[in-house]
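Inside the fold
Here's the letter readout for the chains.
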Amino acid sequence: MTPLPGLRRFHTLIAAALALALLAATGAAQTPAPPPAPEDDPDLDINFAQPDFTVIALPTTLRVPKSKSAFRVTHRFARPLGAGDFGSLLEDFFGFDAGAQIGLEYRFGLLRGTQVGIHRTSDRTIQFFTEHSLRRQGAAAPVGLAVVAAVDGTDNFRDEYSPSLGLVLSREIADRAALYAQPIWVNNVNIRPGDARDDYAVLLGLAARLRVRPSVYLVVEGAPRVAGYDGGADHVSFGIEKRSGGHSFQINFSNGFGTTMAQIARGGTASDDWYIGFNISRKFF
């Protein structure tokens, strides 16, 4: 007996529906699961209170994101601003015509919260350094805390090795300011031939950064020595900086040329001279 035309159409629809269901089930089984969304890294966010990894020469608690990096140039002109009269200072363009001590620095985010780097100055001092963030400021922590360690070596790291170890404490005030305390121990500070005075120094770094405009900051820092070697003036520096995206440009005034831990521990010049300089930094993230 021949099936009715309507029954044949019904069988055809049922077969087509079963085929589509089977195809959909097979395709769903073969479609791979979407990859997990990348984990949000707060270290990539702009920190308006701490836009850079140093204040002027002293460290902050700003973290380098994992596998990211940053580069910095330090420049300290050698002409004392107080040498001669104002006319001679103007002729030397406020010291910019003089020689300078230049530093080049590269730092890298080795692990989450851990950064390493190298800093070389034009007097052929090389400093290797690392910083590890112990905690970030938050509801359960009123201050940020990091441990820093470094070693300087003169003559392209072939002489006069000076290890250092310390802490960096930071207190951010909303997105307007950051205050710092940096107790740091530095060994082999006294490298003057025949000088038998203390060969270590304990610094109590104190620093602040104040955001006075959306991208303009005032900065100041000092590193009085509270124990050990006391040759030279205690490091003091102040300046103004401008942030633009991943760049920071800073004009500063210091009583010395030091940008590594051992150089800072040795102090500024013996007189009350001040020197103009600048820092330029670039984040690669």
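Before any of the text, the structure's been laid out above.
Below or above, wherever it landed, is the structure these notes cover. (Residues numbered from 1 in each chain as written. Predicted model: local features only at pLDDT ≥ 70, side-chain atom pairs only at ≥ 80, totals over all residues. Heavy atoms only, no water.)

1. Quick word on the overall build of the chain
Of regular secondary structure, the chain possesses 4 helices and 13 strands. Out of the 285 residues belonging to the chain, those deemed buried represent 41%. Look at the contacts in the chain between residues 6 or more apart in sequence, and 54% of them connect residues 24 or more apart. In the form shown here, the chain has an accessible surface area of approximately 14800 Å², with 66% of it arising from carbon and sulfur atoms. (Helix = DSSP H or I, 4+ residues; strand = E, 2+ residues; numbered from the N terminus. Buried < 20%, exposed > 50% of the residue type's maximum accessible area, 1.4 Å probe, protein only. Contact = heavy atoms within 4.5 Å. Areas by Shrake-Rupley, 256 points an atom, 1.4 Å probe, with all protein chains shown as cover.)

2. Overview of the packing of aromatic side chains
According to the stated counting rule, one finds 7 aromatic pairs in the structure shown. Among the aromatic residues, those joined into a ring-pair cluster are F77, F249 and F278. (Phe/Tyr/Trp six-rings, centres within 6.5 Å; stacked < 30°, edge-to-face > 60°.)

3. Quick notes on unusual backbone geometry
Glycine aside, residues mostly have negative phi angles, and peptide bonds mostly take the trans form. Positive phi, close to 50°, is recorded for D155, a residue that is not glycine. Looking at the element boundaries, D155 is found in helix 3 (residues 154-157). The class for D155 is partly exposed, based on a relative accessible area of 28%. Positive phi, normally seen in glycine, also occurs at N156, with a value near 55°. Turning to its location among the elements, N156 is positioned in helix 3. On the accessibility criterion, N156 (25% relative accessible area) is partly exposed.

4. Remarks on the nonpolar core
In terms of nonpolar packing, the biggest core is built from 13 residues, with V186, V189, A201, L203, I264 and A265 touching the most fellow members. Going through the elements one at a time, strand 7 (177-187), strand 8 (200-213) and helix 4 (261-265) are the ones with two or more residues in this core. A per-element tally of this core places helix 4 first, with 4 residues. Here L203 is in contact with Q182, P183, I184, V186, A223, P224, R225, I264 and A265, once residues within four sequence places are set aside. If you look at the next biggest cluster of nonpolar residues, it comprises 8 residues, including V55, I56, V168 and V219. (Core = buried A, V, L, I, M, F, W, Y, C linked by side-chain atoms within 4.5 Å.)

5. Points about the environment of L81
Mapped onto the elements, L81 comes out in the loop between strand 1 (69-77) and helix 2 (86-91). Residue classification places L81 among the partly exposed positions, given a relative accessible area of 22%. The spatial distance from the C-alpha of L81 to the C-alpha of F253 is 9.5 Å, given a sequence separation of 172 residues. Apart from residues no more than four positions distant in its own chain, L81 is found in contact with L89, F94, F253, W274, Y275 and I276.

6. A look at a nonpolar patch on the surface
Taken together, the side chains of F71, I102, L104, Y106, I118, F128 and F284 define a hydrophobic patch exposed on the protein surface, amounting to about 590 Å² of accessible area. A total of 3 residues in the nonpolar patch trace back to one element, the largest contributor, which is strand 2 (residues 100-111). Among the structural elements, I102 can be located in strand 2. (Patch = residues over 30% accessible without salt bridge, like charges linked within 9 Å, V, L, I, M, F, W, Y side chains within 5 Å. Salt bridge = Lys/Arg side-chain N within 4 Å of Asp/Glu carboxyl O.)

7. Some thoughts on the pairing of strand 11 (residues 235-244)
On any regular strand, side chains alternate: one points to one face of the sheet, the next to the other face. Taking every second residue as pointing to the same face, the buried face of strand 11 carries H235, S237, G239, E241 and R243, while none of V236, F238, I240, K242 and S244 on the other face is buried. Judged from the 8 bridges that link them, strand 9 (residues 216-223) and strand 11 form a sheet pairing that is antiparallel. Bridging across to strand 11, V219 finds its partner in G239. Bridging between strand 11 and strand 12 (residues 247-254) involves 8 bridges; their strand directions are antiparallel. The residue of strand 12 that forms the bridge with E241 is Q250. (Pairing = 2+ DSSP bridges.)

8. Considering the pattern of salt bridges
The full count for this structure, using the stated rule, is 10 salt bridges. The salt bridge partner of D175 is R211, with a shortest N-O separation of 3.2 Å. With D175 in the loop between strand 6 (159-173) and strand 7 and R211 in strand 8, this pair connects stretches of sequence that are 36 residues apart. We note a salt bridge from E241 to R209, for which the minimum N-O separation is 2.5 Å. In this pair, E241 is assigned in strand 11 and R209 in strand 8, connecting sequence segments 32 residues apart. For the pair shown, E241 and R209 are each scored as buried. Put simply, D43, R63 and R136 are held in one network by salt bridges that share partners.

The values reported here are purely geometric and, on their own, carry no functional implication.
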